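Structural features, examined
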Amino acid sequence: MESPLLAGLVAAVPLAIILALYTLARGRALAAFFQGQDESMAKVSESSLFWIILAGFIGMAFVFGALSGLVYGWLGMPRFQYLAIGAVLLFSLLAVVSRQPLPVDKIIWNLAVGGVLGMLVPVLAG
């Protein structure tokens, strides 16, 4: 592909599928978690919140895909893959040491985004 941005958007498709499958597997638990965090979220039905979470994950896959394509166009190889690996490691470490809720989920999200986009964007753009 000639455009790294287009490569990022195309790479976002498998990422969106992976995140959608993840949401289908863990969505009810995530919805219940978010409902317990805030009064305004508690007013939203679990089913509605599940669909909002699913749409959010799919939408963010394309946002991260577009951003990764732009960053790849700016950095090129191998710096892009170094950045992807470093970001996955850093954000996963922060998920553990920050003592925020859902650290395992956050690590899985980091691995999915960094792994899929870190590998596919250079392949598709090259």
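Nothing here was measured: the structure is a model prediction, and the numbers come from that model.

Thoughts on the overall build of the protein
When helices and strands are tallied, the protein shows five helices and zero strands. Listing the helices and strands of the protein from first to last along the sequence gives α-α-α-α-α. The dimensions of the protein, computed from C-alpha atoms along their principal axes, are 45 × 30 × 20 Å. A total of 126 residues make up the protein; the buried ones form 36% of that total. Of the contacts formed within the protein by residues at least 6 apart in sequence, a portion of 70% connects residues at least 24 apart. Accessible surface, the protein: about 7,400 Å² in total, of which carbon and sulfur atoms supply 74%. Considering the protein, the positive charge centre built from 6 side chains and the negative charge centre built from 5 side chains are found 7 Å apart.

Regarding the nonpolar core
Counting residues in each nonpolar core, the largest one holds 22 residues, and the members touching the most others are Leu 15, Leu 19 and Leu 30. Looking at this core, the elements with two or more residues in it are helix 1 (4–37), helix 3 (46–75) and helix 5 (103–125). Broken down by element, the residue count for this core peaks at eight residues, all from helix 1. For Leu 30, the contacting residues outside a window of four places in its chain are Tyr 22, Ile 53, Phe 57, Leu 102, Asp 105 and Trp 109.

Things to note about the pattern of salt bridges
Per the counting criterion, the structure on display carries one salt bridge. A salt bridge links Arg 26 to Asp 105; its shortest N-O distance comes to 2.9 Å. Here Arg 26, found in helix 1, pairs with Asp 105, found in helix 5; they are 79 residues apart in sequence, far enough to count as distant. The class of Asp 105 is buried, set by a relative accessible area of 6%.

A closer look at helix 1
Helix length check: helix 1, at 34 residues, gives a terminal C-alpha distance of 39 Å against a target of 50 Å (1.5 Å per residue), a shortfall beyond 12%. Put simply, Ser 3 is the residue that caps the front of helix 1, since its side-chain oxygen is 3.3 Å from the backbone nitrogen of Leu 5.

Some words on the packing of helix 3 against helix 4 (residues 79–97)
Here helix 3 crosses helix 4 at 135 degrees, and the two axes come no closer than 8 Å. If you check the angle between helix 3 and helix 4, you find them oblique. Residue-level contacts link Ser 68, Val 71, Tyr 72 and Leu 75 of helix 3 to Arg 79, Phe 80 and Leu 83 of helix 4.

Quick notes on the layout of surface pockets
The volume enclosed by the largest pocket comes to roughly 590 Å³. Put simply, the parts of the chain that give the lining of the largest pocket at least two residues each are helix 1, helix 3, helix 4 and helix 5. Here the lining of the largest pocket gets eight residues from one element, more than from any other, and that element is helix 3. For the lining of the largest pocket, the residue count by class is 17 nonpolar, five polar and no charged.

Conventions and cut-offs
Residues numbered from 1 in each chain as written. Predicted model: local features only at pLDDT ≥ 70, side-chain atom pairs only at ≥ 80, totals over all residues. Heavy atoms only, no water. Helix = DSSP H or I, 4+ residues; strand = E, 2+ residues; numbered from the N terminus. Buried < 20%, exposed > 50% of the residue type's maximum accessible area, 1.4 Å probe, protein only. Contact = heavy atoms within 4.5 Å. Areas by Shrake-Rupley, 256 points an atom, 1.4 Å probe, with all protein chains shown as cover. Lys, Arg positive; Asp, Glu negative; His and termini not counted. Charge placed at Lys NZ, Arg CZ, Asp CG, Glu CD. Core = buried A, V, L, I, M, F, W, Y, C linked by side-chain atoms within 4.5 Å. Salt bridge = Lys/Arg side-chain N within 4 Å of Asp/Glu carboxyl O. Expected span 1.5 Å × (residues − 1). Polar contact = N/O pair within 3.5 Å; in protein donor to acceptor, adjacent residues only side chain to side chain. Axes fitted to C-alpha atoms, helices over the stretch in contact; angles between N-to-C directions. Parallel < 35°, antiparallel > 145°, perpendicular 65-115°, else oblique. 1 Å grid on protein atoms, 1.4 Å probe; cavity = no way out; pocket = protein on both sides within 12 Å on 5 of 7 lines; lining within 4 Å. Points joined across faces, edges and corners; volume = space filled by probe spheres on them. Nonpolar A, V, L, I, M, F, W, Y, C, P; charged D, E, K, R; others polar.

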